[in-house]
Every structure is written in structure tokens, then in C-alpha cells.
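Reading the structure
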Amino acid sequence: MKEKAAYKKNDRVTVTIEDMGMDGEGIGKADGYTLFIKDAVIGDLVEAKIMKAKKNYAYARLEKVLKPSPFRVKPLCDYARVCGGCQLQAVSYEEQLRFKERKIFRDLVHIGGFSEEEIEKAMEPVVGMETSFYYRNKAQYPIGTDKEGKPVAGFYAGRTHSIIANTDCKLGLTINGAILEAVLTFMEQNHITAYDETLHKGLMRHVLIRCGFATKEIMVCPVINGKDFPKAEEFIDCLLSLDLKEKGEAWKITSICISSNTKDTNVIMGNGFEVLYGKGYITDHIGDVAFRISPLSFYQVNPVQTKKLYEIALDYADLSGSETVWDLYCGIGTISLFLAKKAGKVYGVEIIPQAIENARENAIINRIENAEFFVGKAEEVLPEKYEREQIRADVIVVDPPRKGCDEKCLNTIVRMQPKRIVYVSCDPATLARDLKYLRENGYELRRVRGVDQFGQTVHVETVCLMSKLHVEHHI
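Below is a summary of the structure that appears in this document. No experiment lies behind these values; they were computed from the predicted model shown.

1. Notes on the overall build of the protein
The helix and strand tally for the protein stands at 10 helices and 23 strands. Rg of the C-alpha trace for the protein: 24 Å, near the compact-globule value of 23 Å for 475 residues, within the 12% margin. Counting only C-alpha atoms and orienting by the principal axes, one finds that the protein spans roughly 70 × 65 × 40 Å. Looking at the protein residue by residue over its 475 residues, the buried ones come to 55%.

2. Let's talk about the packing of aromatic side chains
Within the structure shown, the criterion is met by 14 aromatic pairs. Judged by centre distance (6.4 Å) and plane angle (55°), the ring pair of F133 and Y134 falls under tilted. Given a relative accessible area of 26%, Y134 falls into the partly exposed group. On the numbers, 4.8 Å between centres and 25° between planes, the contact of W326 with Y347 is stacked.

3. Brief notes about the nonpolar core
Core analysis: the biggest nonpolar cluster contains 48 residues, and I179, I218 and F229 have the highest contact counts within it. Looking at this core, the elements with two or more residues in it are α1 (93–110), β7 (138–145), β8 (151–156), α3 (175–189), β10 (204–212), β11 (217–224), α4 (232–240) and β13 (249–260). When residues of this core are assigned to their parent elements, the largest contribution, seven residues, is made by α3. Sequence-distant contacts of I179, defined by excluding residues within four places in its chain, comprise I209, I218, V220, L239, L242, L244 and I253. Core analysis: the second largest hydrophobic core is formed by 45 residues, M219, V223, F338 and V463 among them.

Parameters and conventions
Residues numbered from 1 in each chain as written. Predicted model: local features only at pLDDT ≥ 70, side-chain atom pairs only at ≥ 80, totals over all residues. Heavy atoms only, no water. Helix = DSSP H or I, 4+ residues; strand = E, 2+ residues; numbered from the N terminus. Rg over C-alpha atoms; globule rule 2.2 N^0.38 Å. Buried < 20%, exposed > 50% of the residue type's maximum accessible area, 1.4 Å probe, protein only. Phe/Tyr/Trp six-rings, centres within 6.5 Å; stacked < 30°, edge-to-face > 60°. Core = buried A, V, L, I, M, F, W, Y, C linked by side-chain atoms within 4.5 Å. Contact = heavy atoms within 4.5 Å.

Now the structure itself:
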């Protein structure tokens, strides 16, 4: 029997995949030695080649599937394995949902310190998607050049900046492909250069496409390494001449913008944008709430599942119509305006001024008068509003970025002593960390539910309800 340390780089091993890691990689053991194998599916028997060996574990490359798992399926996209966007296309959708539930469960136990019994009692079934492809309303395609010097659009290969030419991503709408092909043809005919990030030369960096699922409105926004877009009128005519249909329904380009980004950076968008055609936004709806979406707006990429997500958050908030609700990290007011329909008063807080401007506009559009928005950090805005205006919080909703809540923000929430905290998270690990803090400060976990916003990927949204039984306001 091989000792663990006997495995080294370039060794070939045969292993059964018994689990899946946080990034969707298969995990198996050979003589007690743990192997992490990208593209292997739980239940597979595989042959793998060790690429990086450590004392107790190794990273290996999948060489051959000797016996496929019952959960293995043929990916819809030919580029699924090389592209970094979809990690789970070879896994059946039912197993993807189980993987995401396990991910939430394990993080709450191992990072959050909750017992398995507590999680089992609080956890509700994950909310899956009716169709786990063609769901994204936003796509950002890097533009580059192939070996023949022709412009190409696609996606970066996993963990690289090498562009895989592909205008037919299966997560976005099929009309994206027609728009991209028109852009590439226009570039070729008019000698518009693609950006080379090594030399920091060339004009066209990215193409952003945003779609309003409810309104069938489309925005196209090239990101350019310069201030002016050549032949702008011809470019507009080129895009407007397209006959765009998705599942037999007509869609229309109603906004064409450009965003200038001349910095040598990995950040996609510039700081602002210029409108070439139409308005500087498209409109979409989540439920009966309308939202204006500009090139720079944060807006959930899966509107169908977002409606389900917000309905769960609203259910967990348990509003009767008189409550004061604070929505922290409120963005353009998506959750705030959803909550305002059932709350007495909603206050949204967001550090990005442009987002707050959008939130206020969205409140006006929807004739919602019981929502107010503030620019700033939650840990600064909340105490100041409480001390000066005696504004309390019955319910606090947080929907932070992937890094989770700032500890000062969590401390402020605890000091505000709301009856209920509804935490919406895009990362179970940071969620678990933050719930541990809240639990240590007098809150108990009552309900947890995963919502699959990102089919075919490892990402999952989670909604949690933390309740406080004895409420004393002190800040």
C-alpha cells in the first residue's frame, strides 16, 4: 500500500469521486491521500494526473472518465470545460441543487458553528430554476484578436486572460450572439481595432449587453480605450437594423451607450458613460416594481429567480404594514422598494452615490413615498439617524457584497436591536461568519433557504432569518 507522501507530480491515479469542493471540483481519495480534480463529477471513477502534490493532498487533472457518474450529463456548451464561467455543466441540475444545499449546510456548521440539528430544523428546500440556461440579463464580452488578426468576442479561459472566441454563451439570451456578430463585422469593415491589454493599445475593450426581460428592451454599451467612437452613426444604424427574436418574441435595442476606460486595469467599465442613441437606461420589472437600469447600475442578473428571492426575504421580514425597516447595502433600491409595499417606512443605505440616485428615481417611477435613501456607510448612517431623529429599526435587511458585512456594520445592527434580521447572501462562507457574530450577540437562526440564481455555476444565494426574542433599544 502506497504511503501518502509517495505520490508526486505527474503520477497517474485511479480514483472514485466521493464529494465536491466549494469550486465544484471532484474530491476523491487514493490510499487515504486526498485529490482535488477539476471537471470530475461526484460518483465518477476517473483516471487523473497529479499536477501539484502536497503532503496530504494534491491537485490533479482529469485525464479519463473510466466509469461515469449517474449524475454526469453532456454539457450543452462545447466550451464548458475550458471556459471559466460554468463549473457544473457536466452535473445534472438536480445534483447541482443538492451540491448548493450541502454548501450552505456545511458552511453554517463548520464556519458558523451551528449544530447540524439547528440547521436541519431551520433549513427549507432550495429554490431551483425552471430553466437553468438562458437566464442572464447581463453579459460582458471581452474583445480580442485571433491568429488571423480578426476581431473576436468571447470569454476568458479559466484563471487566464486568454479569450475563447464564443458568441453563443448558453447562460445569456441567444440574441446576444446576433448583436456580437454585428459588432465584430462592423469592427472588421471599419478597421476598428480590438484592445490588446499587454500593449494597452486598440480601441474596443468589451461589449456590455443588458436586457429587460419584462420589457424586451436591450442596451448595448461598448467599452472603449479612448474618448470617441468612430463612425458612431453607422454603428447605431448597424445595430438598429437587426431583427432580434428570442423564443419567437421580438426584442428591441432601445439604448446604445459607450463607456470610456483608458486605464491599464482589469476593471471592465469606465467611471461614466455617453449616450449614443435612446435613453441612458432600459427598464425592467421585478414583480410589479419597475427599475431603470443604466450601464453602471447593479441589478440582479437573473430576474426570474430574483423575484422568488425577494418574495422569500419579504416573507421572512413578516411585515404587517407598520414596521420601520432598514435596508443596508441597498444598491438601486431593489429590495427596499419590494419591502416598501408592506412596510410602514423603509430606509435604504448604500455607499455608492450613483446607486442612491437610481434608488430615488426608482421610488419616484413606482410612486413609492414611504422609502427614503441615504448615501454612506451603514455603521455611520444608522447611529447618526437614531441619535438625531430617534429612528429605530423593527426589521433590518442586509444584502452585502461577496465579502459580507463590515464588522462595524454588524455591531451597529446589534446595537439597534431589531426584532428580526433578514440576511441575503451571495456567499455561504461569509454569511456563516456573520451569522456566528449575530448569534453570539443575542440572535437565533430561525429560517434558511437557498435560491439558485446562477444555474450551471457553483454560486448560490441564501436568505436567512435571525430573530431576537427580547428587544431592548440601546445605541
